[in-house]
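Architecture and fold: a report
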Amino acid sequence: MQHYLLIKKLSVQNANAIAGLTYGFPAITNFLGFAHALSRKLNPSLQVSLGGVTVVSHNNIVHARQPKGWGDYVFALTRNPLTQQGNTAPINEEGRMNMQVSLLIELHGHIAGDAQTKQDMLAQLNQIIPTLRVAGGQILNVESLDILVTEQDQKQALRRLMPGFALVDRSDYLSDHYQALCQENTEVSLFDAWCDFSKLKYQATRENTSEERTDTEQAIKAKWTFKPKPKVGYLVPIAAGYCAISPVYSAGEVAKVRDKNVPVVFAETAYSVAEWRSVHALNHISEGVWRYEHHYPWYLAKSQPIQTHIPTIEELDNETFDLDY
């Protein structure tokens, strides 16, 4: 049976709220990266490692404000010190947020009933976690750490995390929407489908009249109706990984890279759709676990098995890669 590490109510300040073209919550890859960094810092003598992650959000506040007291929000930016010439330093817009999340991380290699390993691991985690960052933010506090072994403990943990919302993958809805748009326009790309799915759309329907109007300048009454999304929950666009836009170059072939001892590939952010689901609606922790799935050209984080066809790099529209960010 799969064991889990519960990091309950992890408080983070100044986390990155921008993920590619989306904002409001860090990319799921940030939490997978945190689990990977945590796993690497554990003592090898424990013979345990960390895997996929279930992310439960309890509270998040984006550093944003309304300059006029109404209308659009803008990020609340820091004022940098003056330059050596006494001029105002240029500002690079940064989206920051405070958040409180709980993480349920897959634990591999742990043996149920090994009290000594459990005690040593929790002691190490209490020392390591405050030294790390989550999505670039500083960790302020962790309410508690626990290792969930039995099925009963795992079910109770989900109840203990209420109120909270788990982020789960709903890329199947994006795939269905893409297929529907392809029936109307064969030149539509996956990126077009993602943008269209993320919109809030209203549709105008002409009201029935007893007589046809011939005067084009006369107003025609119409009824505006909202076109709802699938009735499953709160759907949001997310950054879900990366897509290769070049062949894989051998180690040392590309100059000025961080590590010349590993192969290199150029990539762009891959986007998908996710759902914020109340944590009590999860039947099991595994339903919300995000894991990496790698099959060239995709390097994606998913919380469900791939059930629909994902196009290869040859099948993708060229416009998908020629974006101006």
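The following paragraphs examine the structure supplied in this document.

Criteria and cut-off values
- Residues numbered from 1 in each chain as written.
- Predicted model: local features only at pLDDT ≥ 70, side-chain atom pairs only at ≥ 80, totals over all residues.
- Heavy atoms only, no water.
- Helix = DSSP H or I, 4+ residues; strand = E, 2+ residues; numbered from the N terminus.
- Buried < 20%, exposed > 50% of the residue type's maximum accessible area, 1.4 Å probe, protein only.
- Contact = heavy atoms within 4.5 Å.
- Pairing = 2+ DSSP bridges.
- Axes fitted to C-alpha atoms, helices over the stretch in contact; angles between N-to-C directions.
- Phe/Tyr/Trp six-rings, centres within 6.5 Å; stacked < 30°, edge-to-face > 60°.
- Salt bridge = Lys/Arg side-chain N within 4 Å of Asp/Glu carboxyl O.
- Core = buried A, V, L, I, M, F, W, Y, C linked by side-chain atoms within 4.5 Å.

1. Brief notes about the overall build of the protein chain
Across its full length, the protein chain holds 5 helices and 16 strands. When the 325 residues of the protein chain are sorted by exposure, 38% land in the buried category. Pairs at least 24 residues apart make up 73% of the contacts formed inside the protein chain by residues separated by at least 6 positions.

2. What to know about the sheet that holds strand 8 (residues 133-134)
Ordered by their spatial adjacency, 10 strands build an open sheet running 8-9-1-7-4-10-14-13-16-15, and the pairing between neighbours is antiparallel. The sheet is open, and its two borders are formed by strand 8 and strand 15 (291-295), each paired with just one other strand. Two strands pair when backbone bridges link them, and strand 1 (residues 3-16) and strand 9 (residues 137-148) are joined in this way by 9 bridges, in the antiparallel orientation. Within the sheet, the bridge partner assigned to lysine 8 lies in strand 9 and is serine 144. On top of the sheet, helix 4 (residues 171-184) reaches strand 10 (165-169), strand 14 (267-278) and strand 16 (298-302); it is set at about 115° to strand 14, its chief contact.

3. Some remarks on the packing of aromatic side chains
Here the structure, examined in full by the defined rule, presents 8 aromatic pairs. Considering the side-chain rings of tyrosine 249 and phenylalanine 266, the 6.2 Å spacing of their centres and the 80° angle between planes classify their relative orientation as edge-to-face. Of this pair, tyrosine 249 sits in the loop between strand 13 (234-244) and strand 14 while phenylalanine 266 sits in the loop between strand 13 and strand 14, and the two are 17 residues apart along the sequence. According to the relative accessible area criterion, tyrosine 249 is partly exposed, its value standing at 25%.

4. Focus: the pattern of salt bridges
If you walk through the whole model with that rule in mind, you get 9 salt bridges. Lysine 155 is the partner of glutamate 151 in a salt bridge, and the nearest nitrogen-oxygen pair spans 3.6 Å. With glutamate 151 and lysine 155 both in helix 3 (residues 151-160), this residue pair falls 4 residues apart, about one helical turn. Here glutamate 151 falls in the partly exposed class, since its relative accessible area comes to 41%. Its salt-bridge partner being arginine 170, residue aspartate 172 comes within 3.5 Å of it at the nearest N-O pair. The exposure class assigned to aspartate 172 is partly exposed, which follows from its relative accessible area of 22%. Within the structure, one salt-bridge network assembled from shared partners comprises Arg170, Asp172, Glu275 and Arg277.

5. Digging into unusual backbone geometry
Trans is the prevailing form of peptide bonds, just as negative phi is the prevailing case for residues other than glycine. Cis rather than trans, the peptide bond between methionine 162 and proline 163 has omega equal to -5°. By the secondary structure assignment, proline 163 is in the loop between helix 3 and strand 10. Residue tyrosine 296 is joined to proline 297 through a cis peptide bond whose omega torsion reads 10°. A positive phi angle, near 55°, is found at alanine 135, a position not held by glycine. With respect to the helices and strands, alanine 135 occurs in the loop between strand 8 and strand 9.

6. A look at the nonpolar core
The nonpolar side chains of a soluble globular protein tend to be buried with one another. Grouped together as the largest cluster of nonpolar side chains are 45 residues, with contacts concentrated most on Ile7, Phe31, Leu38 and Leu103. When contributions to this core are tallied by element, the ones reaching two or more residues are strand 1, helix 1 (28-41), strand 4 (49-62), strand 7 (96-108), helix 2 (115-128), strand 9, strand 13 and strand 14. With near-sequence residues (within four places) excluded, leucine 38 lies in contact with Leu5, Ile7, Leu50, Leu125, Ile128, Ile129 and Leu132. With 15 residues, the next largest nonpolar core counts Tyr173, Tyr178, Ala193 and Tyr271 among its residues.

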